[in-house]
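The residues making up each chain are set out below.
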Amino acid sequence: MYYDIWNEANEPKILEKLGFTPVDLKPAVISARTVNEIKSFTEKNKDAGLIILRKPNEKVLKAAVQECAIDATDAFVEYPIIMKLSERNIAVLLNFNELLNADSVHTPRLIYLMSRTVRLCRKYKVPVMITSGASDKYSQRSVSELIAFGENLGMTAGEAKEALSRHQNRILERNRLKKAGKWIISGVQVV
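The shown structure was predicted, so the numbers you read here are calculated from the model rather than taken from an experiment. (Residues numbered from 1 in each chain as written. Predicted model: local features only at pLDDT ≥ 70, side-chain atom pairs only at ≥ 80, totals over all residues. Heavy atoms only, no water.)

Caption draft 1: Highlighting the overall build of the chain. Helix and strand counts for the chain come out as nine helices and seven strands. Against the compact-globule benchmark of 16 Å for 191 residues, the chain has a radius of gyration of 16 Å, which places it among compact chains. Looking at the chain as a whole, 46% of its 191 residues are labelled buried. Within the chain, counting contacts between residues at least 6 apart in sequence, those at least 24 apart form 58% of the total. Just so you have it, the chain exposes about 10500 Å², and 52% of that area is on carbon and sulfur atoms. Computed over 29 positive and 22 negative side-chain charges, the separation of the two mean positions in the chain equals 4 Å. (Helix = DSSP H or I, 4+ residues; strand = E, 2+ residues; numbered from the N terminus. Rg over C-alpha atoms; globule rule 2.2 N^0.38 Å. Buried < 20%, exposed > 50% of the residue type's maximum accessible area, 1.4 Å probe, protein only. Contact = heavy atoms within 4.5 Å. Areas by Shrake-Rupley, 256 points an atom, 1.4 Å probe, with all protein chains shown as cover. Lys, Arg positive; Asp, Glu negative; His and termini not counted. Charge placed at Lys NZ, Arg CZ, Asp CG, Glu CD.)

Next comes the structure, spelled out in structure tokens:
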């Protein structure tokens, strides 16, 4: 089962035709510029199924990771922060729509940054999630296209398939446990 977790169109029939399993998970996308904003946004979105930190600066990302307030980020991370992402099991998002909408001048740099992020994530065992980032039904992509996107960034086919399912399954399981009242905090649950 593959999931396109960050898809604003989120039309179940189209997702099934593209090879994805539709889920009722509403991600909260946070664009914070200061540490205080990250705290207030995460408090407001505490009940969200998935919290994504969108293009933060280094200080905001460091604070969000330190507090373990997010599930994923689409930032291009470097060495000191990637270790914390690995420890806290916070995923790095690779957004196909970002590459699709980039102008021709910035595309090579964007591909370089994404492939460097993939190499660092592999080295430090940070979860990677590939997503279409579709804003409408016309920018949605199929499973095979997103797997090819991951392969072009330096992943193997197996790693690209895991990037469409593994961490997403963990998030869905956590949300299922939260609804059942068996989830307390990360690593602690009622048996």
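Let us keep going from here.
Caption draft 2: The arrangement of the nonpolar core in detail. Leu 94 and Ile 130 are the most contacted members of the largest nonpolar core, which totals 42 residues. Examining the composition of this core, we find that six residues originate from one element, helix H6 (residues 107-124), more than from any other. Of all hydrophobic cores here, the second largest spans eleven residues; its members include Trp 6, Ile 52, Met 129 and Ile 171. (Core = buried A, V, L, I, M, F, W, Y, C linked by side-chain atoms within 4.5 Å.)

Caption draft 3: Highlighting the sheet that holds strand S2 (residues 50-53). Across the sheet, five strands lie side by side as S1-S2-S3-S4-S5; this open sheet has parallel pairing. A strand with exactly one partner marks an edge of an open sheet, and here the two such strands are strand S1 (27-30) and strand S5 (128-131). In this sheet, strand S4 (residues 91-95) lies alongside strand S3 (residues 72-73) in parallel orientation, the contact comprising two bridges. Residue pairing across strands places Ala 72 opposite Ala 91, the latter belonging to S4. (Pairing = 2+ DSSP bridges.)

Caption draft 4: Seen up close, the pattern of salt bridges. For the structure shown, the criterion picks out nine salt bridges. Ionic pairing is found between Arg 174 and Asp 71, a salt bridge with its closest N-O pair at 2.7 Å. Here the residue Arg 174 occupies a position in helix H9 (residues 166-180), and Asp 71 occupies one in the loop between helix H3 (58-66) and S3, the gap between them amounting to 103 residues. We classify Arg 174 as buried; its relative accessible area is 14%. With its nearest N and O atoms 2.9 Å apart, the salt bridge here joins Glu 159 to Arg 122. Taken together, the residues Glu 159 in helix H8 (residues 157-163) and Arg 122 in helix H6 connect sequence positions 37 residues apart. (Salt bridge = Lys/Arg side-chain N within 4 Å of Asp/Glu carboxyl O.)

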